[in-house]
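These are the residues of each chain, in order.
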Amino acid sequence: RAEWLRQLLASAAPGPPAPPPAPPAACGAASEVSALRAVAAAFAQVDGYGVARDAKRRQRESGVYLEGIQYGEVDPSAFAKALGWVSPADGERFVDLGSGTGKAVLTAAALHRFSCATGVELLEPLHAA
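Keep in mind that what you see is a predicted model, and the values were worked out from it rather than measured.

## A short note on the overall build of the chain
At step 1: On a plain count of helices and strands, the chain comes out with 6 helices and 2 strands.
At step 2: Helices and strands in the chain line up, N terminus first, as α-α-α-α-β-α-β-α.
At step 3: Burial statistics for the chain: of 129 residues in total, 27% are counted as buried.
At step 4: Intrachain contacts of the chain at a sequence separation of at least 6 include 64% that bridge at least 24 residues.
At step 5: Of the roughly 8200 Å² that the chain leaves accessible, carbon and sulfur atoms contribute 58%.

In structure tokens form, the structure reads like this:
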């Protein structure tokens, strides 16, 4: 598993990281609120729990069920606070294993200057949502 994770991280963004984009014109609390509103708007019509439930039902019906996979969503404002605690540096990479619908990935990309933000999800319907 460790080797697979190393390969995954290496393939998330081939080559040296690109320079981070220029910071937004307005930094601070106002821009964070705007970014979180944009994330909320992007997911307003996405029912991740419903998509996961349907995908698991289809797995069971086909006889292929991945035991132990549990879907849960992050709250963007709580996740923003947690990301702030780790103080990501400009140009770092963000990888979310088990990214579901991508809410954490989009939140991270909206709030920090990562060189890339990548989500990996086993359930294709969640990834597509």
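After presenting the structure, the write-up continues.
## Section: unusual backbone geometry
At step 1: Here Ser87, not a glycine, exhibits a phi torsion of approximately 45°, which is positive.
At step 2: As for its position among the elements, Ser87 is in the loop between helix 4 (76–86) and strand 1 (93–97).

Rules used in this analysis
- Counting restarts for each chain, with residues numbered from 1 along the sequence as it is written.
- Thresholds applied to this predicted model are a pLDDT of at least 70 for local features of residues and 80 or more for the giving and counting of side-chain atom pairs; totals over whole chains, interfaces and linings are not thresholded and use all residues.
- Excluded from the side-chain calculations are hydrogens and water; all other atoms, namely the structure's heavy atoms, are used.
- What counts as a helix is a DSSP run of H or I of at least four residues, what counts as a strand is a run of E of at least two, and both are numbered from the N terminus.
- Each residue is placed in one exposure class: buried if its accessible area under a 1.4 Å probe, protein chains only, is under 20% of its type's maximum, exposed if it is over 50%, and partly exposed if it falls in between.
- Pairs of residues are marked as contacts when any of their non-hydrogen atoms sit within 4.5 Å.
- Note on areas: these come from Shrake-Rupley sampling with a 1.4 Å probe, and a residue is covered only by the protein chains present in the view.

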